[in-house]
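Below, each chain spelled out in residue letters.
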Amino acid sequence: MSAPAHRLHQPVLDWYAEHARDLPWRNPDCSAWGVLVSEVMLQQTPVARVLPVWADWMQRWATPDDLAGAPVGAAVRAWGRLGYPRRALRLHAAATVITSEHAGAVPCSVSALRELPGVGDYTAAAVAAFAFGERTAVVDTNVRRVLARALGGEALPAPSLRRGEVELAARSLPVGEQDAARWNVAVMELGALVCGARSPSCGHCPIAAQCAWRLAGHPAYQGAPHRTQAWAGSDRQCRGRLLQCLRDSPDPRCAQELSLAWPDDRQRARCLDGLVADGLVQPLARGRYRLPE
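Below you will find a few notes about this structure. Since the model is a prediction, treat every value here as computed from it, not as a measurement.

## Quick look at the overall build of the chain
Link 1 in the chain: Within the chain, the secondary structure is distributed over 15 helices and three strands.
Link 2 in the chain: The C-alpha atoms of the chain give 21 Å as radius of gyration, which agrees with the globular expectation for 293 residues (19 Å, within 12%).
Link 3 in the chain: For the chain, the spread of C-alpha atoms along the principal axes amounts to about 65 × 45 × 30 Å.
Link 4 in the chain: Looking at the chain as a whole, 44% of its 293 residues are labelled buried.
Link 5 in the chain: In the structure as shown, the chain presents an accessible area of about 14900 Å², 51% of it carried by carbon and sulfur atoms.
Link 6 in the chain: Put simply, the chain has 33 plus and 28 minus side-chain charges, and the middle of one group is 8 Å from the middle of the other.

## Some words on the pattern of salt bridges
Link 1 in the chain: Across all of its chains, the model carries 13 salt bridges by this definition.
Link 2 in the chain: Put simply, Glu154 and Arg162 hold a salt bridge, and the shortest N to O gap is 3.9 Å.
Link 3 in the chain: With a closest N to O distance of 2.8 Å, Asp235 and Arg270 form a salt bridge. One end of the pair, Asp235, is in helix H13 (residues 235–247); the other, Arg270, is in helix H15 (residues 265–277), and 35 residues separate them in sequence.
Link 4 in the chain: The class for Asp235 is partly exposed, based on a relative accessible area of 30%.
Link 5 in the chain: Through salt bridges with shared partners, one network takes in Arg144, Glu154, Arg162 and Glu165.

## Brief notes about the packing of helix H2 (residues 32–41) against helix H3 (residues 47–60)
A pair of packed helices is captured by two measures, namely the crossing angle of their axes and the spacing between those axes.
Link 1 in the chain: Packing of H2 against H3 brings their axes to within 10 Å, and their N-to-C directions diverge by 145 degrees. The two elements H2 and H3 meet at a crossing, and its hand is right-handed. Along the contact surface, H2 presents Trp33, Gly34, Val37, Ser38 and Met41, while H3 presents Val50, Val53, Trp54, Trp57 and Met58.
Link 2 in the chain: Here the residues of the contact of H2 with H3 are counted per class, giving eight nonpolar, two polar and no charged.

## Digging into helix H6 (residues 86–101)
Link 1 in the chain: The end-to-end C-alpha separation of H6 is 22 Å, in line with the 22 Å expected for 16 residues at 1.5 Å each.
Link 2 in the chain: What H6 keeps buried is the set Arg87, Ala88, Leu89, Leu91, His92, Ala94, Ala95, Val97 and Ile98.
Link 3 in the chain: Buried residues along H6 sit in contact with H2, H3, helix H4 (64–68) and helix H5 (72–79).
Link 4 in the chain: Ala103 lies just past H6 and shows a positive phi near 55 degrees.

## Some details on the nonpolar core
Link 1 in the chain: Grouped together as the largest cluster of nonpolar side chains are 36 residues, with contacts concentrated most on Trp33, Leu36, Met41, Trp57 and Leu91.
Link 2 in the chain: Of all the elements, H2 adds the most residues to this core, at seven residues.
Link 3 in the chain: Other than its neighbours up to four places away in sequence, Trp33 contacts Trp57, Met58, Trp61, Ala62, Thr63, Pro64, Leu67, Leu91, Ala95, Ile98 and Val106.
Link 4 in the chain: Counting residues in each nonpolar core, the second largest holds 30 residues, with Ala129, Leu168, Ala180 and Ile207 among its members.

## Some thoughts on the environment of Gln44
Link 1 in the chain: Secondary-structure assignment places Gln44 in the loop between H2 and H3.
Link 2 in the chain: Taking relative accessible area as the criterion, Gln44 reaches 65% and is therefore assigned exposed.
Link 3 in the chain: Sequence separation between Gln44 and Tyr84 is 40 residues; the distance between their C-alpha atoms is 8.7 Å.
Link 4 in the chain: In terms of polar contacts, Gln44 uses its side chain to reach the side chain of Tyr84, at 3.1 Å.

## Quick notes on the environment of Ala180
Link 1 in the chain: Note that Ala180 resides in helix H11 (residues 177–193).
Link 2 in the chain: Sequence-wise, Ala180 and Trp25 are 155 residues apart; in three dimensions their C-alpha atoms are separated by 18 Å.
Link 3 in the chain: Excluding anything up to four places from it in sequence, Ala180 contacts Arg135, Leu173 and Pro174.

## Some remarks on the side chain of Ser172
Link 1 in the chain: In this fold, Ser172 is placed in the loop between helix H10 (163–171) and H11.
Link 2 in the chain: At a separation of 2.7 Å, a polar atom in the side chain of Ser172 contacts the main-chain carbonyl oxygen of Leu168.

Calculation rules
- Residues numbered from 1 in each chain as written.
- Predicted model: local features only at pLDDT ≥ 70, side-chain atom pairs only at ≥ 80, totals over all residues.
- Heavy atoms only, no water.
- Helix = DSSP H or I, 4+ residues; strand = E, 2+ residues; numbered from the N terminus.
- Rg over C-alpha atoms; globule rule 2.2 N^0.38 Å.
- Buried < 20%, exposed > 50% of the residue type's maximum accessible area, 1.4 Å probe, protein only.
- Areas by Shrake-Rupley, 256 points an atom, 1.4 Å probe, with all protein chains shown as cover.
- Lys, Arg positive; Asp, Glu negative; His and termini not counted.
- Charge placed at Lys NZ, Arg CZ, Asp CG, Glu CD.
- Salt bridge = Lys/Arg side-chain N within 4 Å of Asp/Glu carboxyl O.
- Axes fitted to C-alpha atoms, helices over the stretch in contact; angles between N-to-C directions.
- Left-handed = near helix turned anticlockwise from the far one by under 90°.
- Contact = heavy atoms within 4.5 Å.
- Nonpolar A, V, L, I, M, F, W, Y, C, P; charged D, E, K, R; others polar.
- Expected span 1.5 Å × (residues − 1).
- Core = buried A, V, L, I, M, F, W, Y, C linked by side-chain atoms within 4.5 Å.
- Polar contact = N/O pair within 3.5 Å; in protein donor to acceptor, adjacent residues only side chain to side chain.

Pasting the structure below:
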């Protein structure tokens with residue numbers, strides 16, 4: 001553990017005990033499956049949008065076995081407007097593997113979780129820590145930003161995750177497994193609620209007195225630019241509109257109906273081909289389309 005991080009543990013843990021949001025996947029009674037579903041849904045998606053979809057999903061498919069027995073199209077339909085709908089396919093695939101290879105129980109180790117379809121390093125670490133209490137570093141955007149400022153004196157982390165950041169997060173963990181798991185989520189919450197990217201609320205931060213960035217006078221970010229993708233008119237927006245058109249109908253849609261969802265013929269055709277290739281849309285005879293079965 002790094003010496004500077006040691007001084008941050010108790011203030012952050014105390015702050016979290018008082019200010020943590022009451023989220024259902026943080027409930028001690030939440031299953032490991034519920035935690036896995038939440039972590040997949042929360043990727044690049046705000047908590048407020050995830051909450052109702054997660055609740056509906058868990059009511060429909062309370063276990064991996066439940067989802068594995070449902071049609072793939074049902075998962076895509078229930079995904080709604082969360083965005084990045086391939087995550088629904090991957091969750092369905094993960095549920096199938098959990099059912100067939102792990103007797104329906106979500107595996108508890110990072111290495112076994114990493115073998116599930118669609119589960120990367122972050123999600124595997126998050127589920128291992130939050131569902132099973134494993135002492136492992138969970139490094140998301142919020143954690144990266146808090147550690148970059150508090151320990152590195154930098155305004156923002158680099159656009160892409162660096163190995164040094166993962167190593168710093170691992171060195172910063174408290175020794176005990178329970179404190180380590182709670183530290184991970186507490187730092188995430190601090191980044192989400194106080195140490196924001198654009199407008200950090202340093203006056204409400206429990207570690208402001210120890211923060212290297214604040215003590216250095218809040219120096220400006222000097223690294224590579226953080227690029228954001230435009231949404232209006234993008235292929236992502238087009239794909240979302242086409243999927244929503246298919247979700248809104250229990251019957252297949254024809255090409256003319258899909259043209260009402262997106263008028264640009266060339267872009268619509270390109271995005272529709274991509275949706276078919278991704279397994280999110282099933283083409284039928286006579287130019288009709290539906291969600292996969």
